[in-house]
Amino acid sequence: MPYDLTFDAQVCATGLKLSVWVANQGCLGVGPGVNVAFYEENLGLLGVVATKGPLVAGAAEQVTLEYPGLFDSVTVWAVADDDGMGNGVLNECVEDNNSSPMDKVCIPPG
């Protein structure tokens, strides 16, 4: 389950730097390499990042994606166990908790 999607406001003029925590809420561990896809409302898929370490039951890991461009008030979200085409490989007890809430980022001050 992805949660706590954040962005680096200092890089919005040159790109997006998005981070999200991925938690294993199941009772079995998974190995490294869990795909996490990042999406933007108008652009669609921004990219896919994989976890580096194993996620034992209850563990979490933060992953980060950097995407170049000039951004101003965009809506983004992340989806765990997603190869960027909506396909997952993990057999999960609960399959409908893999998406973070949509969040508006790079909002200009004022």
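The text that follows walks through the structure, step by step, so that each part is easy to find. These figures come from a predicted structure and were not determined experimentally. (Residues numbered from 1 in each chain as written. Predicted model: local features only at pLDDT ≥ 70, side-chain atom pairs only at ≥ 80, totals over all residues. Heavy atoms only, no water.)

## A few points about the state of the cysteines
Cut-off, in case you're wondering: Two cysteine sulfur atoms make up a disulfide if the distance between them is within 2.5 Å. Numbered from the N terminus, helices here are DSSP runs of H or I no shorter than four residues, and strands are runs of E no shorter than two. Burial here depends on accessible area, computed with a 1.4 Å probe over protein chains only, as a share of the maximum for the residue type. Under 20% is buried, over 50% is exposed, and the range in between is partly exposed.
Applying the stated criterion to the full structure yields one disulfide. Residue Cys12 pairs covalently with Cys106 via a disulfide, S to S 2.0 Å. Of note, the bridge from Cys12 to Cys106 carries an S-S torsion of about -80° and is left-handed in sense. One end of the pair, Cys12, is in the loop between strand E1 (2–7) and strand E2 (15–23); the other, Cys106, is in the segment after strand E7 (103–105), and 94 residues separate them in sequence. Across the pair, Cys106 and Cys12 agree in class, each one buried.

## As for the sheet that holds strand E5 (residues 60–68)
Paired through backbone hydrogen bonds, the strands of a sheet run either parallel or antiparallel to each other. Stated formally: Paired strands, as defined in this entry, are two strands with at least two bridges between them according to DSSP. Simply put, an axis is a line fit to the C-alpha atoms, just over the touching stretch for a helix, and the angle between two N-to-C directions goes from 0 to 180 degrees.
Pairing within the open sheet is antiparallel, and its three strands lie in the order E1-E2-E5. Edge strands, defined here as strands with exactly one partner in the open sheet, are E1 and E5. In this sheet, adjacent strand axes meet at a mean angle of 20° when their direction is disregarded.

## Some points on the packing of aromatic side chains
So the rule is basically this: Paired rings are identified among Phe, Tyr and Trp, the last through its six-membered ring, by centres lying within 6.5 Å, and are further divided according to the angle between planes into stacked (under 30 degrees), edge-to-face (over 60) and tilted (the rest).
Scanning all chains against the criterion turns up two aromatic pairs. Ring geometry for Tyr39 against Trp77: centres 5.7 Å apart, planes inclined by 15°, an arrangement best described as stacked. Placement of the pair is Tyr39 in strand E3 (residues 35–40) and Trp77 in strand E6 (residues 74–80), with a sequence separation of 38 residues. With a relative accessible area of 17%, Trp77 lands in the buried category. Their ring planes at 55° and their centres at 6.0 Å tell us that Tyr67 and Phe71 sit as a pair that is tilted.

## What about the environment of Gly44?
Note the following rule: Between two residues, a contact is recorded if the distance between any of their heavy atoms is within 4.5 Å.
Among the structural elements, Gly44 can be located in strand E4 (residues 44–50). Residue Gly44 is classed as partly exposed on the basis of its relative accessible area of 24%. What Gly44 contacts, discounting residues up to four positions off in sequence, is Phe38 and Tyr39.

## Some details on the sheet that holds E7
Taken in spatial order, the four strands line up as E4-E3-E6-E7 in an open sheet, and their pairing is antiparallel. Whereas interior strands pair on both sides, the edge strands pair on one side only; in this sheet they are E4 and E7. When the angles between neighbouring strand axes are averaged without regard to direction, this sheet yields 30°. As judged from the three bridges shared by E6 and E7, these two strands associate in the antiparallel manner. Bridged to Val74 within E7 is Val105.

## What to know about the nonpolar core
Stated precisely, the cut-off is as follows: Take the buried Ala, Val, Leu, Ile, Met, Phe, Trp, Tyr and Cys residues and link them wherever side-chain atoms come within 4.5 Å; each set so joined is a nonpolar core.
The biggest cluster of nonpolar side chains holds 21 residues, and the ones touching the most others in it are Leu16, Val20, Phe38 and Val76. Among the secondary structure elements, those contributing two or more residues to this core are E2, E3, E4, E5 and E6.

## Some words on the side chain of Thr51
Just so we agree on the cut-off: Two N or O atoms count as a polar contact when they lie within 3.5 Å, although within protein this holds only if one can serve as hydrogen donor and the other as acceptor, and sequence-adjacent residues are included solely when both atoms are side-chain atoms.
Locating Thr51 in the fold gives a position in the loop between E4 and E5. Looking at Thr51, its side chain comes within polar contact range of the main-chain nitrogen of Val34, at 2.9 Å. Here Thr51 is in contact with Gly31, Pro32, Gly33, Val34, Glu61 and Val63, once residues within four sequence places are set aside.

Read these as geometric descriptors, not functional statements.
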